[in-house]
4 protein chains.
Amino acid sequence: MVTKVMQTTVNGLNEECGIFGIWGTTEAAEVTYYGLHALQHRGQEGAGIVANIDGRLRQERGLGLLADVFSKGDRLRDIMGATSAIGHVRYATSGSNSIENIQPLLAHFSDSQLALAHNGNLTNQVTLRRELEDQGAIFQSTSDSEILMHLIRRSQAPTFTDKVKEALNQLRGGFAFLLLTPDALYAALDPHGFRPFVIGQLPTGQYVAASESAALNVVGAKLIRNVQPGELIKIDNTGMQIDYYTDATDLHIDAMEYIYFARPDSDIYGVNVHTARKRMGANLAAEQPVAADIVVGVPNSSLSAASGFAEALHLPNEMGLVKNQYIARTFIEPTQERREHAVKMKLSAVSSVVKDKRVVLVDDSIVRGTTSMYIVRMLREAGAKEVHVRIASPAFKYPSFYGIDMQTTAELMAANYSLAEMTAKIEADSLAFLSVDGLVDAIGLQEQASGTGLTTAYFDGHYPSPIYDYAESMQAFEDAHLVDYMEEPTCKMHTLQPE
Amino acid sequence: MVTKVMQTTVNGLNEECGIFGIWGTTEAAEVTYYGLHALQHRGQEGAGIVANIDGRLRQERGLGLLADVFSKGDRLRDIMGATSAIGHVRYATSGSNSIENIQPLLAHFSDSQLALAHNGNLTNQVTLRRELEDQGAIFQSTSDSEILMHLIRRSQAPTFTDKVKEALNQLRGGFAFLLLTPDALYAALDPHGFRPFVIGQLPTGQYVAASESAALNVVGAKLIRNVQPGELIKIDNTGMQIDYYTDATDLHIDAMEYIYFARPDSDIYGVNVHTARKRMGANLAAEQPVAADIVVGVPNSSLSAASGFAEALHLPNEMGLVKNQYIARTFIEPTQERREHAVKMKLSAVSSVVKDKRVVLVDDSIVRGTTSMYIVRMLREAGAKEVHVRIASPAFKYPSFYGIDMQTTAELMAANYSLAEMTAKIEADSLAFLSVDGLVDAIGLQEQASGTGLTTAYFDGHYPSPIYDYAESMQAFEDAHLVDYMEEPTCKMHTLQPE
Amino acid sequence: MVTKVMQTTVNGLNEECGIFGIWGTTEAAEVTYYGLHALQHRGQEGAGIVANIDGRLRQERGLGLLADVFSKGDRLRDIMGATSAIGHVRYATSGSNSIENIQPLLAHFSDSQLALAHNGNLTNQVTLRRELEDQGAIFQSTSDSEILMHLIRRSQAPTFTDKVKEALNQLRGGFAFLLLTPDALYAALDPHGFRPFVIGQLPTGQYVAASESAALNVVGAKLIRNVQPGELIKIDNTGMQIDYYTDATDLHIDAMEYIYFARPDSDIYGVNVHTARKRMGANLAAEQPVAADIVVGVPNSSLSAASGFAEALHLPNEMGLVKNQYIARTFIEPTQERREHAVKMKLSAVSSVVKDKRVVLVDDSIVRGTTSMYIVRMLREAGAKEVHVRIASPAFKYPSFYGIDMQTTAELMAANYSLAEMTAKIEADSLAFLSVDGLVDAIGLQEQASGTGLTTAYFDGHYPSPIYDYAESMQAFEDAHLVDYMEEPTCKMHTLQPE
Amino acid sequence: MVTKVMQTTVNGLNEECGIFGIWGTTEAAEVTYYGLHALQHRGQEGAGIVANIDGRLRQERGLGLLADVFSKGDRLRDIMGATSAIGHVRYATSGSNSIENIQPLLAHFSDSQLALAHNGNLTNQVTLRRELEDQGAIFQSTSDSEILMHLIRRSQAPTFTDKVKEALNQLRGGFAFLLLTPDALYAALDPHGFRPFVIGQLPTGQYVAASESAALNVVGAKLIRNVQPGELIKIDNTGMQIDYYTDATDLHIDAMEYIYFARPDSDIYGVNVHTARKRMGANLAAEQPVAADIVVGVPNSSLSAASGFAEALHLPNEMGLVKNQYIARTFIEPTQERREHAVKMKLSAVSSVVKDKRVVLVDDSIVRGTTSMYIVRMLREAGAKEVHVRIASPAFKYPSFYGIDMQTTAELMAANYSLAEMTAKIEADSLAFLSVDGLVDAIGLQEQASGTGLTTAYFDGHYPSPIYDYAESMQAFEDAHLVDYMEEPTCKMHTLQPE
């Protein structure tokens, strides 16, 4: 049964995507293209835009990077002049990498059209899908995003807005949706505000919605609002109406957005991501200091944390690793040796910087540990005398049903090994993680009635709400992994939180 | 209202497609590819295959010719080893030329999958679609083929076969369907047998279904059965079961299949297409003889008719026109002059053959008349003394809701001009068409209870069954065009048959 | 040594190409594109155009069909507005299928540019190339066409025209060249007129040069002149000047142009190709009659001969084989079985035509015999009672250094087997070839001082001039093959002509 | 005359490329691919590899990024197993962006083959090309790299090595060449060592040559030698022989390699590039201090300098600008507004970092000044109170005939405006450049007999040797620009060095 769940829903588990929408300018297609470009880091496996051309929605989508998709066959030119548009960049595992799953989805009705772009993951998707299928619904993608379309369409509520509200109330999990009809643009966020979602405004007055505020800057829009948990915002020719579909809300934004997913130049709920990361580095330095000569961050994602770490300890923050700015593609079968090669194609150590130095290597996270091992080796080969690894987030020990792949979860280093074992595996002189408290403090969200305003389930297994269809998988995970923890409780509990 | 109908259904009007399926061999993907190649003449705008790989249906489809679609990215290799497959080649107007409409369609259910390939046109598609939408159905294509999937899925009948039967009984119009599930392959034909559809068998025993018998030859299968009107045939690991979903059947195959659509090497209901065309030419010669030196057929589609015409009048059948075997593409905006150019890139007159000769030009049909005019001119420029045009089919005067585009219908030369006007327009010395009786006789199908076994609605406006959603369009067409007929009644009726 | 020659020159042996040029219209690029399209049958492996844009020559070329090459990246649009252009379609074996060999070649000089398109084969290319290399010349292609560029450039003659003449006089073999500089267009033909080459004129006065007259028709030009052996024609803004670089000329056009290479609607030296083929069929019928019910030609190249054959014997000429008009591509490794498959994808037998009939199968030529065997089998499977194969050309027994690949030559069926053996190999009831005299008579060129005006070396080994660098290869071929002839001399000489 | 020179040689002026070669491993193609990937920053407009497959050199090349070129059609797979290879990544202006100019070039001779990859620019290319053309040489590219091939081929010296030496002695300018024959790999550097060029060795003993040492790291090779000015190194199955073709050498490596071109993790003549840049920043801080709150470097190229600047002044080095790691493509005509857009797609200001701060913006260079203006604006829009621009290199006032495009030179901001004007143009609160002395000190090369070991001609117009064919262009440049300097001499001289 568990297997079945995983088989049919595996795609939904990986959806860390970017969405963008705009209403009311004849440059809607171009603006959406530029906005998605700014969100490309949230998904590189597919991209699409649905745009309103003369009252009809038209869909353009393809596999691969945004610029590649839209450089083929004048696809952007075909939708130029559109007066509204929504777009999507998609992250997905290779298995589900088929064109049907690339968003925005578009449905045609005799009297209308409906397009949808989704960033998130529904934890009751299996249940909903089965119920819908039992009522005769046909799914043409394996993505959970299609479910909302069916729920809206089946709703008996009087107005379209009412239908959308009714449908949203049936969803569980984390989700940020953009809906486009020929008449309006809608933005909706889940009751826990699991994903970032912002509204901006162009100098000329038009409204823009985007996964991250960085996308607003690129198109020249000003951030005017974080979409709030439970909100349903409608934008049409009369302006913007802020409404809500539920008031049972409780902010629990995914801490991973601050740690890894979002761009450093984005602000989420008033907190700048770069600044938060710098504070994570500083807190990490305070919790896990180490005697060293230089601090080296893993480019690009860990540079903020490294600078905070270095400042806190008054150590020089040096460019000991350089990242090749061109995307590497290996054409050869991936073997262990080749994987090491792939890391080398992306990163190089700067010998003149690290030679004979005691290096603190600051990284934002560790998943399997393999990449860390290669980087540690690389630094040693370049002459580093010691390599102390400091991770600017707590150790990943639990699966997240909101953003990380189950299969990857099964290989999580920190769910299977003690800190000593991990240190040995990555061949470091020492290894330490930021505490959950240190993380929460670094992000510094205003405290919420029910908690920190953050979801930290990856680190502590505490989900802000029931996980529905994943409950069995979770149990299976715990059966498989928690035993290990139990066998070595002091190490695990001790070292990973305060140490 | 009429406009609305046309807007939402215009795609369905153009579906002259080819379908192919096979069950039970590990070469299912390759065999389907070869079979579709033999059906490429039935649709060049899109191609796809859904194949069963290890119990999961996988879809590969794209815009353009079959070989182009499957030469990209190893798409055929990805489905090799499949044990069953269905495929589709699609003809469509440019407007609907989007990937969503390329078949086979594939729907994913929690517990199964369903793929569908369709050749035909549903005359009650607008009504059905609205009913389905009212029940919450979501359509992701603008093709009418998607309707059957919804009807099957919504049926409350006990078994899958019963559901399919119930669904088929709700359809009107002409249709040949292939359905593929992980468990079986189904073939269904409409009650009038509007489109050709055959079952073959490989020497190794497996069953094959195809739009035309020519596709059987190519894959080495023997024709064992014409699918009969009203039949639902199921092929699975236990063999083939022939069943029917209605007994209110009445063969009325589209006469255009014999005239133009099908390959000359196909047999339809026991009649070879080449042989039927040759007899059309012979009957035309008997009805509309002309004093001439040579007969020239328009390659390739009219060569059979030309040979029948020449033999009947004991005239030499000469290669006065040569067709360039490579597909021409013009990269320049189509103007009147360019259209003439496009014809020149396809066809050339052989001066040494036609010089100083009285030429009978045999063509299979005339739609707008423009191409005929260019060919007549070309022959005259090459030195032909006289050019007498003989059309081996009756004049197209009525729209067909089973296979020809409404917009084209509006431009039908024979619906708008008298024979004398048409002769002048195409700049011929004379022009004559085959009579409907001559056509029926040439095809020579066994007489049916209710008629000739043929649909000749293009020529006489007689549809074998009500045309449902098109009734309004038909009325509009008649309002616009029949006046012309009325004004010149003797010409129309008189000239077009015996003259 | 022989091996060495073959290795470095193998590409040159396969050049059966098409060339086209125009001077003095701002539609030069488009006209060249259309002209090349009409010559596509002469080469499908590469295509290119060099066009004069604002006084600079610009090169566009690529692998594959013309339309595919120029549909990529707006390549035609980039050269629109050019005032002169030359183009090339290339036939080549896969080994030499690299972009460097695609023509027209283009050389850049400080003070000028020179482009070249070549149809032919130089028999002294190895010698010339070595001499040039010894003088420091650098070759960037493996094609022999590059040699002329070097010879022109190295000539010390006073004017460009003189340089070209001096260079042409050093070449041996068959060649038709188009040269383009920013100042003029040049057309040159070898002293034996081995390849067809014509000049046409547009209604607006501009001159056009093309490999075949069919290309003139397509662009609306009138044939005004066959380029004569030994001529060098210069076209520039002052008009056309007809000059010659040698008067040691002697027409020996390749008979294969009439038999197989050229389009039926082309006229070569006043003889229409279709008409010549029809006469080949008629002569074949007279020489090799057979009691049969129907005649079937192999489409499309043998349809003319089949019609001549049928007329001569008063037999019905039937469409017993149908050709798929779409290009087949097999994605699977070529095995014996697959090769049969490839034939089936191209050709189908029409059972209702051939069933229970004694069939005369008319083909234009036999190379290896394998395809013939598959077609004979196909006809028998479709029910033919007898299959008599009649080849409308003499048997290929000798290599041609002007147009057919050495390696293929080694497999020539007629060079290795007796007629009885060949008949058995292709599984025919009988087999016969046209005699050389019958061929010469059918083409009917005006007799020349030195012979028939034709090169028939493939059939009789008589070359119009020494074969230079190929002499060794020829000796090797004879050593390998002539023994077979000697062993069965009566058969060979006897059977192949009158039988 | 000047115009003529520019027209025919404009391509040569832009060649800042990357080259890589290896001898003696069956992974030669893969290693070259990885090596070129590490050099991709040196050229993104074309890439190619020539590899030795079974004794024959085979060429694969195309327009665009390396990974795009080699992902098409299995091009890398086609050369796998090669035992030696050279590769090239090319930087070029769009005008010369044709496939013929993509390297490595490959010439075919009857008895051998020669491939060539070149990084540099020949200052006597016009003269050499004309001389060669006068001797009959044909050029198929417009690149100056082809010249060496001709010189080698024409040399009458006894051995291939002697020919190469003789040819190299005729070249002037800056050049690093890799030559590959079936028998050996050669590396040659110009007498001034204008471009970086290194030799490495794999753990398994094979030798590798590359433009930068960073490429050695990626393939796992150790740097064993900087190729010295005037050297000709031969690598074959017997090992490596270090030879020289001239002893009139004098190191003058291009200072721009340290400032901008090379990767920070490369070492050139023993100086690490990152470290040199950091010292440039430190020297700049010492020369041009400014009262400010934070230092912000322009990512990625100026991050090293910014860190040096910040450290020297004890200011926080902050991430005030973020670079989008995905390559932006704009599909819309470039207008002034769009150019600003392109900068926004690449860079974003981090408001929470720069808000209300006095910012020192550190950049590595200014060419036209437009980008600087957009960045200054961006920082102000993000809330920066003051923006002081500090350029970590001297002002570009002179054309360089070794690496920067003449046309760009004509637009050099510093050649046309005073410092005050420049400051106003870029809308900065202040602007200052590093002095030439500060640059030389920061790089810190060992002093050479004749100077600093560096070429600083961009800044001071002092070329290490005559500039031959460019002398006229240089004079024209001075005539056009130096007047401006003369009119405002105090400003220019004064402000730009110490200020």
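As the structure is a computational prediction, the values presented were derived from the model and not from experiment.

### Focus: the overall build of chain A
Then, in step 1: Helices and strands together make up the secondary structure of chain A, namely 20 helices and 24 strands.
Then, in step 2: By the burial criterion, 64% of the 499 residues in chain A qualify as buried.
Then, in step 3: Long-range contacts, defined as pairs at least 24 residues apart, comprise 71% of the intrachain contacts of chain A with a sequence gap of at least 6.
Then, in step 4: Accessible surface, chain A: about 16,700 Å² in total, of which carbon and sulfur atoms supply 50%.

### Details of the interface of chain D and chain A
Then, in step 1: Taken together, the contacts link 52 residues of chain D with 52 residues of chain A.
Then, in step 2: With both chains or domains summed, chain D and chain A bury close to 4,600 Å², and 56% of this area falls on carbon and sulfur atoms.
Then, in step 3: Counting the contacts that link chain D with chain A gives two salt bridges.
Then, in step 4: As a salt-bridge pair, Glu318(D) and Lys278(A) come within 2.3 Å of each other at their nearest N and O atoms.
Then, in step 5: The interface formed by chain D and chain A includes 18 residue pairs in polar contact (both at pLDDT 80 or more).
Then, in step 6: Within the side of chain D that touches chain A, the residues separate by chemical class into 23 nonpolar, 17 polar and twelve charged.

### What to know about the relation of the copies chain B and chain C
Then, in step 1: Superposing chain B onto chain C requires a rotation of 180 degrees together with a translation of 0.0 Å along the rotation axis, leaving an RMSD of 0.0 Å. In symmetry terms, the pair is related by a two-fold rotation axis. The rotation axis passes nearest to the C-alpha of Gln325(B) in chain B, at a distance of 3.5 Å.
Then, in step 2: Mapped onto chain C, 100% of the interface residues of chain B again fall at the interface, so both copies present the same surface.

### Concerning the relation of the copies chain D and chain A
Then, in step 1: With an axial shift of 0.0 Å and an RMSD of 0.1 Å, the rotation relating chain D to chain A amounts to 180 degrees.
Then, in step 2: Counting the interface residues of chain D, we find that 100% of their copies in chain A are interface residues as well, pointing to one common contact surface.

### Re the UniProt feature "binding site: Mg(2+)" (unreviewed entry) in chain A
Residues and elements named next belong to chain A.
Then, in step 1: The residues that UniProt annotates with the feature "binding site: Mg(2+)" (unreviewed entry) are Ser-301, Asp-363 and Asp-364. The named residues occupy 64 residues along the chain; their greatest pairwise C-alpha distance, 7.9 Å, places them in one compact cluster.
Then, in step 2: Here Asp-363 is to be found in strand E21 (residues 358–363).
Then, in step 3: Judged by relative accessible area, which is 11%, Asp-363 ranks as buried.
Then, in step 4: Apart from the residues within four sequence positions on either side, Asp-363 is in contact with Val-298, Ser-302, Arg-390, Ile-391 and Ala-392.
Then, in step 5: Looking at Asp-363, its side chain comes within polar contact range of the side chain of Ser-302, at 2.9 Å.
Then, in step 6: On the secondary structure map, Asp-364 appears in the loop between E21 and helix H14 (370–381).
Then, in step 7: Here Asp-364 falls in the buried class, since its relative accessible area comes to 5%.
Then, in step 8: Sequence-distant contacts of Asp-364, that is, excluding residues within four places in its chain, are made with Ile-259, Tyr-260, Ser-301, Ser-302, Ile-391, Ala-392 and Ser-393.

### Observations concerning the sheet that holds strand E5 (residues 105–108) of chain B
Residues and elements named next belong to chain B.
Then, in step 1: Reading across from one edge, E5-E6-E7-E8-E12-E13 is the order of the six strands in this open sheet, with antiparallel pairing throughout. Of all the strands in the sheet, just E5 and strand E13 (239–244) have a single pairing partner and so form its edges. Geometrically, the sheet is characterised by an average inter-axis angle of 20 degrees between neighbouring strands, direction not taken into account.
Then, in step 2: As paired elements, strand E8 (residues 185–189) and strand E12 (residues 231–236) share four bridges and run antiparallel to each other.

### Some remarks on the sheet that holds strand E2 (residues 46–53) of chain D
Residues and elements named next belong to chain D.
Then, in step 1: Ordered in space as E3-E2-E4-E1-E10-E9-E11, the seven strands form an open sheet in which the pairing is antiparallel. Two strands bound the open sheet, and with one partner strand each, they are strand E3 (56–63) and strand E11 (222–226). Within the sheet, the average angular offset between the axes of one strand and its neighbour, ignoring direction, is 15 degrees.
Then, in step 2: Inspection of the sheet shows strand E1 (residues 18–23) paired to strand E4 (residues 84–90) by six bridges, in the antiparallel sense.

### Digging into unusual backbone geometry
Across the chain, the bulk of peptide bonds are trans and the bulk of non-glycine residues have phi less than zero.
Then, in step 1: In this model, Pro299(A) is joined to Asn300(A) through a cis peptide bond whose omega is -5 degrees.
Then, in step 2: Locating Asn300(A) in the fold gives a position in the loop between strand E17 (294–297) and helix H11 (303–313).
Then, in step 3: Its identity as a non-glycine residue notwithstanding, Glu427(A) has a phi of 60 degrees, on the positive side.
Then, in step 4: Residue position: Glu427(A) is located in the loop between helix H16 (419–425) and strand E23 (430–433).
Then, in step 5: The exposure class assigned to Glu427(A) is partly exposed, which follows from its relative accessible area of 31%.
Then, in step 6: Of note, Asp356(C) is a non-glycine position whose phi angle comes to about 60 degrees, a positive value.

### Topic: the pairing of strand E21 (residues 358–363) of chain B
Residue and element names in this part refer to chain B.
Then, in step 1: Most of E21 is tucked away, with five of its six residues classed as buried.
Then, in step 2: Sheet analysis places strand E17 (residues 294–297) next to E21, joined by four bridges and oriented parallel. Bridge pairing in E21 places Ile-294 opposite Val-359.
Then, in step 3: Inspection of the sheet shows E21 paired to strand E22 (residues 386–391) by six bridges, in the parallel sense. Residue pairing for E22: Val-360 is matched across the bridge by His-388.

### A closer look at the packing of helix H5 (residues 125–134) of chain C against helix H6 (residues 146–154) of chain C
All names here are of chain C.
Then, in step 1: It is the contact of H5 with H6, at a shortest axis distance of 10 Å, that shows an interaxial angle of 45 degrees. The pairing of H5 with H6 is recorded here as oblique in orientation. The element H5 and its partner H6 pack so that their crossing is left-handed. Residue-level contacts link Gln-125, Leu-128, Arg-129 and Leu-132 of H5 to Ile-147, His-150, Leu-151 and Arg-154 of H6.
Then, in step 2: Residues that form the contact of H5 with H6 fall into these classes: four nonpolar, two polar and two charged.

### As for the packing of H6(C) against helix H7 (residues 160–168) of chain C
Two quantities define a packed helix pair, namely the angle between the helix axes and the distance between the axes.
Residues and elements named next belong to chain C.
Then, in step 1: Two numbers describe how H6 lies on H7: the axes approach to 8 Å, and their chain directions differ by 130 degrees. As summarised for this structure, H6 and H7 are arranged oblique, according to the angle between their axes. Crossing handedness for the pair H6 and H7: right-handed. Facing H6, whose interface residues are Leu-148, Leu-151 and Ile-152, H7 presents Phe-160, Lys-163, Val-164, Ala-167 and Leu-168.

### Some thoughts on the interface of chain B and chain C
Then, in step 1: If you look at the interface, chain B gives 52 residues, while chain C gives 52 residues.
Then, in step 2: Both faces combined, the contact of chain B with chain C buries some 4,700 Å², and carbon together with sulfur accounts for 55% of it.
Then, in step 3: On inspection of chain B and its partner chain C, the count reaches 18 residue pairs in polar contact (both at pLDDT 80 or more).
Then, in step 4: Examining the composition of the side of chain B that touches chain C, we find that five residues originate from one element, helix H2 (residues 28–38) of chain B, more than from any other.

Conventions used here
- Residues numbered from 1 in each chain as written.
- Chains lettered and ligands numbered in written order.
- Predicted model: local features only at pLDDT ≥ 70, side-chain atom pairs only at ≥ 80, totals over all residues.
- Heavy atoms only, no water.
- Helix = DSSP H or I, 4+ residues; strand = E, 2+ residues; numbered from the N terminus.
- Buried < 20%, exposed > 50% of the residue type's maximum accessible area, 1.4 Å probe, protein only.
- Contact = heavy atoms within 4.5 Å.
- Areas by Shrake-Rupley, 256 points an atom, 1.4 Å probe, with all protein chains shown as cover.
- Buried area = accessible area lost by both parts, 1.4 Å probe.
- Salt bridge = Lys/Arg side-chain N within 4 Å of Asp/Glu carboxyl O.
- Polar contact = N/O pair within 3.5 Å; in protein donor to acceptor, adjacent residues only side chain to side chain.
- Nonpolar A, V, L, I, M, F, W, Y, C, P; charged D, E, K, R; others polar.
- Least-squares fit on C-alpha atoms with pLDDT ≥ 70 in both.
- UniProt positions renumbered as here; feature names shortened; annotations may be inferred.
- Pairing = 2+ DSSP bridges.
- Axes fitted to C-alpha atoms, helices over the stretch in contact; angles between N-to-C directions.
- Parallel < 35°, antiparallel > 145°, perpendicular 65-115°, else oblique.
- Left-handed = near helix turned anticlockwise from the far one by under 90°.

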